[in-house]
Amino acid sequence: MQNMSPDTICIQGGWQPGNGEARILPIYQSTTFKYSTSEYMGKLFDLEEAGYFYSRLQNPTCDAVAAKICALEGGVAAMLTSSGQAANFLALFNICEAGSHIVSSATIYGGSTNLMAVTMKKMGIQVTLVDPDASEEELEKAFRPNTRAVFGETIANPSLVVLDIEKFARLAHKHGVPLIVDNTFATPINCRPFQWGADIVTHSTTKYMDGHAATVGGCIVDSGNFDWMAHRELFPGLTTPDESYHGIVYAEKFGKLAYIEKATAQLMRDLGTCQSPMNAFLLNLGLEALHLRVPRHCENAQKVAEHLASLPEVAWVNYPGLPGSKYHELAQKYLPNGSCGVISFGLKGGRERASRFMDQLKLGAIVTHVADARTSVLHPASHTHRQLTDEQLVEAGVQPEMIRFSVGLEAAEDIIADIDQAIAASKE
Ligand SMILES: *Cc1c(COP(=O)(O)O)cnc(C)c1O
């Protein structure tokens, strides 16, 4: 599957039925799995045999979906998580511990900023948030001897900043640490960060991958490219014995699969942020049309962005697909087939006008969601980024008047007509 077109992987990747087995992915709605000898079960616990024993750790439905996403990203191993938040936490915590430090782009999802700057800080892990557009020299200054990971988003939610993945990969590798890229907004249909040097990719599958606002979920994919043993002193969790697993050294025993094996055997065991088989089944249905939906989201968003840019009532429009965008060049390099369906813009009239406009929309719904088949709209300053101060808002690339407009799969002309009537009705 790895070498096939993404279109084929979306449809046929993951579940490969044997003779007489279900054609489509079955839901293994079972907490546990039966074995005939006690000895065999013991070997499973020792990671000596591969097999399922408890769905908190692994489940065949979830693994099939993870395998599909793994193939789409061109990775070597992947795991599903209960949410995108869980994916980013596990991805970082798998290689960080108290005393570690992370360098992260400042323009990321508000939940990820909180995860690192608030919750992981309480665990003794520090983060330095950097301007992703800064020069390499400037970014160098953020690194410390205890830096263990670099983090960014291919297309940031909601600022739509496009990450210069090669620049961040170069910096990370110079300091002997991996680059973790949250590829939620681009999806592997529009960008495969491993091709540009990223080592680990995360997803909130809640967004385009599911695409129907049906299930919260996440995924971590490993490229297998980062050589943990070459930097063994930085990553003792992977390169020294895990006493909670009979002294296994993950990087020695599992080679390129070490990172996901450790995240499963150790972190999923202890933290339990697993995805349910039912949710994985629904996610898989979404993935089966990802290659059809994503281009249509982008096509619609391009039309809506161009329309917004032509309106005198609109103060600014931010969409990487617009030639005037600050990120147009980076988008052409990393996202030649389109960026995403999300646009941000500001209306003349600021914060108050934004609320009035949103209240007037008929097709576009006010929801805490993006990347849905249905057009959705949100005001980050009063919703997702509500916890941030005005200063933090600006740092995260969020202007107080910013409207995050997630263009759905309806007819573009109907979405545009809805915008026009809401702009007219929100005039004072
Ligand atoms: C939504 C989102 C998350 C968090 O994912 P959940 O599934 O809501 O937990 C993380 N990163 C990005 C870029 C997101 O858009």
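Our subject is the structure that appears above.
Report follows, based on the coordinates. Keep in mind that what you see is a predicted model, and the values were worked out from it rather than measured.

Here the focus is the overall build of the protein chain. Secondary structure assignment for the protein chain yields 17 helices and 12 strands. Its C-alpha atoms give the protein chain a radius of gyration of 22 Å, within 12% of the compact-globule value 22 Å for 428 residues. Dimensions of the protein chain, computed from C-alpha atoms along their principal axes, come out at roughly 75 × 55 × 35 Å. Counting all 428 residues of the protein chain, 56% fall into the buried class. When contacts within the protein chain are restricted to residue pairs at least 6 apart in sequence, those whose partners lie at least 24 apart make up 72%. Here the protein chain contributes 34 positively and 47 negatively charged side chains, and the mean placements of these two sets differ by 2 Å.

Take the site of the ligand next. Near the ligand, the surroundings consist of 15 residues, among which Asn157, Asp182, Ser204, Thr206 and Lys207 are the closest. Contact between the ligand and Asn157: an oxygen atom at 2.8 Å from a side-chain N or O atom of the residue. Side-chain polar atom of Asp182 to a nitrogen atom of the ligand: 2.7 Å apart, as the coordinates give it. When the ligand sits alone it has 380 Å² of accessible area, and the protein chains cover 93% of it. The element contributing the most residues to the shell around the ligand is helix α4 (residues 84-93), with three residues. In the shell around the ligand, the residues fall into three nonpolar, nine polar and three charged.

Ordered in space as β1-β7-β6-β5-β4-β2-β3, the seven strands form an open sheet in which the pairing is mixed. Strands at the two margins of the open sheet, each flanked by one partner only, are β1 (77-81) and β3 (126-130). Put simply, the sheet's adjacent strands are angled 20° from each other on average, direction ignored. Note: β1 against strand β7 (residues 218-222), five bridges, orientation antiparallel.

Next up on the list: unusual backbone geometry. Here the bond from Asn157 into Pro158 is cis, since omega is 5°, no more than 30 degrees from zero. Mapped onto the elements, Pro158 comes out in the loop between β4 (147-153) and α7 (165-174). The phi torsion at Thr187 lies on the positive side, around 60°, for a residue other than glycine. Here Thr187 lies in helix α8 (residues 187-190). Exposure remark for Thr187: the relative accessible area of 1% places this residue in the buried category. If you check the backbone angles, His246 has positive phi at about 55° while not being a glycine. Considering the arrangement of structural elements, one finds His246 in the loop between α9 (236-239) and α10 (250-254).

On to the sheet that holds strand β8 (residues 314-318). Reading across the sheet, the five strands line up as β8-β9-β12-β11-β10 and stay open at both edges, with mixed pairing between neighbours. The strands lining the two open edges of the sheet, one partner per strand, are β8 and β10 (365-366). As defined by bridge partners, β10 adjoins strand β11 (residues 376-378) across two bridges and the pair is classed as parallel. Paired with Ile366 across the strands is Val377, a residue of β11.

Rules used throughout
Residues numbered from 1 in each chain as written. Predicted model: local features only at pLDDT ≥ 70, side-chain atom pairs only at ≥ 80, totals over all residues. Heavy atoms only, no water. Helix = DSSP H or I, 4+ residues; strand = E, 2+ residues; numbered from the N terminus. Rg over C-alpha atoms; globule rule 2.2 N^0.38 Å. Buried < 20%, exposed > 50% of the residue type's maximum accessible area, 1.4 Å probe, protein only. Contact = heavy atoms within 4.5 Å. Lys, Arg positive; Asp, Glu negative; His and termini not counted. Charge placed at Lys NZ, Arg CZ, Asp CG, Glu CD. Near = heavy atom within 4 Å. Polar contact = N/O pair within 3.5 Å; in protein donor to acceptor, adjacent residues only side chain to side chain. Areas by Shrake-Rupley, 256 points an atom, 1.4 Å probe, with all protein chains shown as cover. Nonpolar A, V, L, I, M, F, W, Y, C, P; charged D, E, K, R; others polar. Pairing = 2+ DSSP bridges. Axes fitted to C-alpha atoms, helices over the stretch in contact; angles between N-to-C directions.

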